[in-house]
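Below, each chain spelled out in residue letters.
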Amino acid sequence: MKKLRVLLVDDEIMIREGFKRLFDWEAHDCQVVGEAADGMEALSKIDSLKPDIAIMDINIPIMNGLKVIQLARIKHPDTAFVIVSGYDDFAYCREALRLQITDYILKPVNYEEFGTCIDNLKIALFRRQSSKEEEQQEERTIHGIIRYMQEHLAEEVSLSVLAEEFHLNPQYISQLFKSEIGVNFLVYLTNIRMEKAKKLLVTTSLSIAEVSEQCGYGDYRVFTKVFKKSEGITPSQYRRDFLEEGKIQQMK
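Nothing here was measured: the structure is a model prediction, and the numbers come from that model.

A. Structural view of the overall build of the chain. Tallying secondary structure elements over the chain gives twelve helices and five strands in all. Sorting the 252 residues of the chain into buried and exposed places 41% on the buried side. Taking all contacts inside the chain whose residues are at least 6 apart in sequence as the whole, residues at least 24 apart take part in 63%. Summed over all atoms, the accessible surface of the chain reaches about 13,800 Å², with 51% contributed by carbon and sulfur.

B. Fine view of the packing of aromatic side chains. One pass over the full model with this rule turns up twelve aromatic pairs. Centre to centre, the rings of Y148 and F166 are 5.9 Å apart; their planes meet at 85°, and the pair counts as edge-to-face. Separated by 18 residues along the polypeptide, Y148 in helix α6 (residues 141-151) and F166 in helix α7 (residues 159-166) bring together distant segments of the chain. Looking at Y148, the relative accessible area reads 13%, which means it is buried. Assessed through its relative accessible area of 24%, F166 is described here as partly exposed. Members of the aromatic cluster, connected to one another through ring pairs, are F19, F23, W25, Y111 and F114. The side chain of R193 reaches across the aromatic face of Y217, ending 5.1 Å from its centre.

C. Representation of the sheet that holds strand β4 (residues 80-85) in the model. In spatial order, the strands read β2-β1-β3-β4-β5; together these five strands make up an open sheet with parallel pairing. Two strands close off the open sheet at either side, each with one partner strand: β2 (30-36) and β5 (103-106). Going from strand to strand, the sheet's axes swing by 20° on average, the running direction of each strand aside. Bridge count between β4 and β5: four bridges; the pairing is parallel. Residue pairing across strands places S85 opposite L106, the latter belonging to β5. Each of β1 (4-9), β2, β3 (53-56) and β4 touches helix α1 (residues 13-22); the most contacted strand, β2, lies at about 170° to it. Across the sheet, helix α3 (residues 65-75) lies against β3 and β4, angled at about 175° from β4, the strand it touches most.

D. Structural detail: the pattern of salt bridges. In total, this model carries 14 salt bridges according to the counting rule given. Of the charged contacts, one joins D10 and K107 as a salt bridge, the two residues approaching to 2.8 Å between their closest N and O atoms. Note that D10 is positioned in the loop between β1 and α1 and K107 in the loop between β5 and α5 (111-135), a separation of 97 residues in sequence. The buried category is assigned to D10, whose relative accessible area is 4%. By relative accessible area, which is 23% here, K107 ends up partly exposed.

E. A look at the nonpolar core. Within the largest apolar cluster, 20 residues are counted, with the highest numbers of intra-cluster contacts made by M149, F177, I181 and Y188. Elements with a contribution of two residues or more to this core: α5, α6, α7, α8 (170-180) and α9 (185-203). The biggest single contributor to this core is α6, with five residues. The next biggest cluster of nonpolar side chains, apart from the first, holds 19 residues, and it includes L4, F23, W25 and I55.

F. The arrangement of the packing of α6 against α8 in detail. Interaxial distance between α6 and α8 falls to 11 Å at its minimum, and their mutual angle equals 105°. In terms of orientation, α6 lies roughly perpendicular with respect to α8. Between α6 and α8, the contacting residues are T141, I142, I145 and M149 on the first element and I173, L176, F177 and E180 on the second. The residue inventory of the contact of α6 with α8, partitioned by class, reads six nonpolar, one polar and one charged.

So, how was this worked out
Residues numbered from 1 in each chain as written. Predicted model: local features only at pLDDT ≥ 70, side-chain atom pairs only at ≥ 80, totals over all residues. Heavy atoms only, no water. Helix = DSSP H or I, 4+ residues; strand = E, 2+ residues; numbered from the N terminus. Buried < 20%, exposed > 50% of the residue type's maximum accessible area, 1.4 Å probe, protein only. Contact = heavy atoms within 4.5 Å. Areas by Shrake-Rupley, 256 points an atom, 1.4 Å probe, with all protein chains shown as cover. Phe/Tyr/Trp six-rings, centres within 6.5 Å; stacked < 30°, edge-to-face > 60°. Lys NZ or Arg CZ within 6 Å of the ring centre and 35° of its normal. Pairing = 2+ DSSP bridges. Axes fitted to C-alpha atoms, helices over the stretch in contact; angles between N-to-C directions. Salt bridge = Lys/Arg side-chain N within 4 Å of Asp/Glu carboxyl O. Core = buried A, V, L, I, M, F, W, Y, C linked by side-chain atoms within 4.5 Å. Parallel < 35°, antiparallel > 145°, perpendicular 65-115°, else oblique. Nonpolar A, V, L, I, M, F, W, Y, C, P; charged D, E, K, R; others polar.

Distances and angles like these do not, on their own, reveal function.
Right, here's the structure in full:
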């Protein structure tokens, strides 16, 4: 997988320097190709550099980050945007969701959390590219493996199981995930398990233990620990927050 090109947008130079020095971009197959300190400069850099990812603050001079994203989407629909902001405000979060922001991270930045965000973003970009290839009827080995994983999440899914199913070497499959998607096998497996878990939590009345089993976790306590590390809250809190948000929307 090619290195992803990253643009850093923040009016504070120390924030931009922190991102460059404190986060291991190389380990995540990314490279910072440019910086911008205000909205107009950000739009110009997006046009000229065509980054895969733009790390965007909201409160920047001349034009705020959300407006930049809205305008940039017109010409660069494939650019992924990650908001990094000091604003923990529902109105901003709602607007970010409307603009299909990949993630919304609060300052001060937790770089471990940010690394997870980048890995999830790479997975999302791979899925988008895979959808295009499927439309062109281009089937690759990785697509078959991923489809099998999605269809058998409630069962044991391991490199050895996949190797036996596809008659491939486990090490080869492991390298395939890194080269094709940019993340390791376990990161991808956890990602799709968490996506399924979130869907089950908000669309069914299954207990946490039942959701855990359907996502491939025999022990709901392990599931809860993994879910909280991934999403920042427990499965029960995730379901409760979703239901409360639905009630708020109905009252408006």
